[in-house]
Amino acid sequence: MLEAIRRATSFLRQKQVLHKLGVVISITVIAVACYVLYHMLRGIDTNEVIEAIKGTEPRRIALAALFVAAGYFTLTFYDWFAVRAIGQHHVPYRINALAAFTSYSIGHNVGASVFTGGAVRYRIYSAWGLNAIDVAKICFLAGLTFWLGNAAVLGLGIAYHPEAAAAIDQLPAWLNRVAAFGIIIALVGYVAWVWAQPRSVGRGPWTVTLPGGPLTLLQIAIGIVDLGFCALAMYMLVPDEPDIGFVVVAVIFVSATLLGFASHSPGGLGVFDAAMLVGLWQMDREELLAGMLLFRVLYYIGPFVISVILLTLREIIIGARSKRLRHLAPAADPEPRHEAPVYVRERGDTGA
């Protein structure tokens, strides 16, 4: 069965079916989001949104910023885990933290995070002797941690409160709960699969050894904590009334985030917002929109600016260090040295 799946995947990859399908899905998600936003934002009073932003308690903004910082701190362990999983133990945590923070914050804002984040990671890790294949493996394992965490949060959250997902996908609550149990069963099956014996994916130098059972549980825990902090930040910024509970907000937030990733739009712009407005329909639109704008400033714009500054400073420091080393290197002798000719005595040469 696994071999049949591999052959089918290989055929689809050769025909570029998966790539074309991904493009179609992205365009469809963005089109639907634009349609929903157009209808939901009609009649929005901009002045009320601005007043709602000004009226947000500084304490709530500070708590949201603290949770965002905690979420980005948790993100650093995505790279820390992945780098050690491929055996590159010589790379220190501070480099993992820099690569994870800058790659994710830039990837979130620019879009196509697989490529933009990968380019940032390669620039940082190549200075520590890692090649393009190593960086590709790091991206794969970090992405695996993210998706395992998402699966756990969505599975558990929707199983507990299926009505939260029904607000977005418009499916019956019982069907969402069935899907949630399916996600949980698949997640448990994956953990059991990698626990039974060492597993790997890919071919040749691109082969990646998947983390075993205990390490996979660690991956899931890292992903859950990361998404939990992000959801708490959003929860601090949504309106108090009606009080629908943290679990509902978390499920809708994670669902909206995944739709944003599926669209590949920068920061999930438009898609994330439409999903949040649809999912939290019972809240005042102006106040909810104000909270979402504050969240974008804290989670997207702020970290993006910090990342650009950090990368710029790093390039300046590296350039200055390289220039200093070139000046300290001994100058090459401009005069060519002439060596005395060497004569080789041939056989039968009498030396005369």
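Residues numbered from 1 in each chain as written. Predicted model: local features only at pLDDT ≥ 70, side-chain atom pairs only at ≥ 80, totals over all residues. Heavy atoms only, no water.

A word on the overall build of the protein
In plain terms, the rule: Secondary structure follows DSSP: runs of H or I at least 4 residues long count as helices, runs of E at least 2 residues long count as strands, and numbering of each begins at the N terminus. Using a 1.4 Å probe on the protein chains alone, a residue whose accessible area is under 20% of its type maximum counts as buried, one over 50% counts as exposed, and one in between counts as partly exposed. Residue contacts are counted whenever heavy atoms from the two residues lie within 4.5 Å of one another. Each accessible area is a Shrake-Rupley estimate made with a 1.4 Å probe; only the visible protein chains count as cover when residues are assessed.
Counting its secondary structure elements, the protein contains 13 helices and 2 strands. Each of the 352 residues in the protein was classed as buried or not, and the buried ones make up 40%. Restricting to contacts in the protein with at least 6 residues of sequence separation, those with at least 24 account for 71%. Roughly 20000 Å² of accessible area belongs to the protein as shown, and the carbon and sulfur atoms make up 67% of that amount.

A look at the nonpolar core
We apply this condition: Take the buried Ala, Val, Leu, Ile, Met, Phe, Trp, Tyr and Cys residues and link them wherever side-chain atoms come within 4.5 Å; each set so joined is a nonpolar core.
Counting 53 residues, the largest nonpolar core has Met 234, Phe 253, Met 276 and Phe 295 as the members making the most contacts within it. The contact partners of Phe 295, leaving out residues within four places of it in the chain, are Cys 230, Ala 233, Met 234, Leu 237, Phe 253, Phe 272 and Tyr 300. Listed in part, the 24 residues of the second largest apolar core include Ile 95, Val 194, Leu 210 and Leu 311.

Overview of the pattern of salt bridges
For clarity, the cut-off: We define a salt bridge as a side-chain nitrogen of Lys or Arg found within 4 Å of a carboxyl oxygen belonging to Asp or Glu.
For the structure on display, the rule yields 6 salt bridges. Residue Arg 123 pairs with Glu 315 through a salt bridge whose shortest N-O separation is 2.7 Å. With Arg 123 in helix α6 (residues 113-125) and Glu 315 in helix α13 (residues 285-328), this residue pair connects regions lying 192 residues apart in the sequence. Here Arg 123 falls in the partly exposed class, since its relative accessible area comes to 44%. What makes Glu 315 partly exposed here is its relative accessible area of 31%.

A short note on the side chain of Thr 102
Threshold: Throughout this description, a polar contact denotes any pair of N or O atoms lying within 3.5 Å of each other; where both atoms belong to protein, one of them has to be capable of donating a hydrogen while the other can accept it, and for residues adjacent in sequence the pair is counted only when both atoms sit in side chains.
Mapped onto the elements, Thr 102 comes out in helix α5 (residues 93-110). On the accessibility criterion, Thr 102 (0% relative accessible area) is buried. Among the polar contacts made by the side chain of Thr 102, one reaches the main-chain carbonyl oxygen of Ala 99 at a distance of 3.4 Å.

Remarks on α5
Note the cut-off: To estimate how far a helix should reach, multiply one less than its number of residues by 1.5 Å.
An ideal rise of 1.5 Å per residue puts 26 Å on 18 residues; α5 measures up with 25 Å between its terminal C-alpha atoms. Among the 18 residues in α5, 13 count as buried, and that is most of the element.

Considerations on the packing of aromatic side chains
Using the following cut-off: Classification of ring pairs rests on two measures: the distance between centres of Phe, Tyr or Trp rings, Trp counted by its six-membered ring, which must be within 6.5 Å, and the angle between planes, read as stacked under 30 degrees, edge-to-face over 60 and tilted in between. The rule is short: NZ of Lys or CZ of Arg within 6 Å of the ring centre and within 35 degrees of the ring normal puts a charge over the ring.
Counted by the stated rule, this structure contains 16 aromatic pairs. Ring centres of Tyr 235 and Phe 246 lie 5.7 Å apart, and the angle between their planes is 80 degrees; this geometry places the pair in the edge-to-face category. In this pair, Tyr 235 sits in helix α10 (residues 213-237) while Phe 246 sits in helix α11 (residues 246-263), placing the two residues 11 residues apart along the sequence. Ring pairing ties together the aromatic residues Tyr 72, Phe 101, Phe 253, Phe 272, Phe 295, Tyr 299 and Tyr 300, which thus form one cluster. The ring of Tyr 300 has Arg 296 sitting right over it, with the charged end atom 5.1 Å from the ring centre.

Describing the environment of Leu 237
Turning to its location among the elements, Leu 237 is positioned in helix α10. The spatial distance from the C-alpha of Leu 237 to the C-alpha of Ala 290 is 8.2 Å, given a sequence separation of 53 residues. What Leu 237 contacts, discounting residues up to four positions off in sequence, is Arg 60, Ile 61, Ala 64, Gly 291, Leu 294, Phe 295 and Leu 298.

Notes on unusual backbone geometry
Cis geometry marks the peptide bond from Glu 241 to Pro 242, where omega comes out at -5 degrees. By the secondary structure assignment, Pro 242 is in the loop between α10 and α11.

Describing the packing of helix α4 (residues 58-85) against α5
Applied cut-off: For every element, the axis is a line fit to its C-alpha atoms; helices are fit only across the contacting stretch, and the angle between N-to-C directions ranges from 0 to 180 degrees. Take the far helix as your reference; a near helix turned counterclockwise from it by less than a right angle gives a left-handed crossing, and one turned clockwise gives a right-handed crossing. Under this grouping Gly is polar, as are all residues other than the nonpolar Ala, Val, Leu, Ile, Met, Phe, Trp, Tyr, Cys and Pro and the charged Asp, Glu, Lys and Arg.
Close contact between α4 and α5 brings their axes to 8 Å; oriented N to C, the two are set at 120 degrees. Crossing geometry of α4 relative to α5 is assigned as right-handed. Residues Tyr 72, Phe 73, Leu 75, Thr 76, Phe 77, Tyr 78, Asp 79, Trp 80, Val 83 and Arg 84 of α4 touch α5, and the partners they reach there are Tyr 93, Asn 96, Ala 97, Ala 99, Ala 100, Phe 101, Tyr 104, Ser 105 and His 108. Residues of the contact of α4 with α5, tallied by class, amount to 13 nonpolar, 4 polar and 2 charged.

A word on the side chain of Ser 307
Relative to the helices and strands, Ser 307 resides in helix α13. By relative accessible area, Ser 307 is classed as buried at 0%. Not counting the four nearest positions on each side in its chain, Ser 307 is found in contact with Phe 101, Thr 102, Ser 105 and Ile 106.

Some remarks on the confidence of the model for the protein
Defined as follows: Values of pLDDT, which run from 0 to 100, indicate the predictor's confidence residue by residue.
Confidence in the prediction of the protein, expressed as mean pLDDT, is 81, and 78% of residues score 70 or more. The least confident element of the protein is helix α1 (residues 2-14), whose mean pLDDT is 51; the most confident is α4, at 94. In this model, residues 337-352 is a region of pLDDT below 50 whose contacts with residues beyond four sequence positions or in other chains number 2 contacts.

Structural notes on a nonpolar patch on the surface
Condition: Patch rule: a residue counts if its relative accessible area is over 30% and it has no salt bridge; like charges are joined within 9 Å, and nonpolar side chains (Val, Leu, Ile, Met, Phe, Trp, Tyr) within 5 Å.
A cluster of nonpolar side chains, contributed by Val 297, Ile 301, Val 305, Ile 309, Leu 313, Ile 316 and Ile 317, occupies part of the molecular surface with about 620 Å² of accessible area. Among the structural elements, Ile 309 can be located in helix α13. The exposure class of Ile 309 is partly exposed, given its relative accessible area of 46%.

Considerations on a negative patch on the surface
Our working rule: Charge assignment in this entry is limited to Lys and Arg as positive and Asp and Glu as negative, and neither His nor the chain termini are counted. The atoms used to mark charge sites are NZ of Lys, CZ of Arg, CG of Asp and CD of Glu.
A cluster of acidic residues, Asp 45, Glu 48, Asp 284 and Glu 287, forms a negative patch at the surface. Note on placement: Glu 48 falls in helix α3 (residues 46-55).

Some points on the environment of Val 278
Note that Val 278 resides in helix α12 (residues 271-279). Exposure remark for Val 278: the relative accessible area of 22% places this residue in the partly exposed category. For Val 278 and Ala 167, which are 111 residues apart along the polypeptide, the C-alpha to C-alpha distance reads 6.7 Å.

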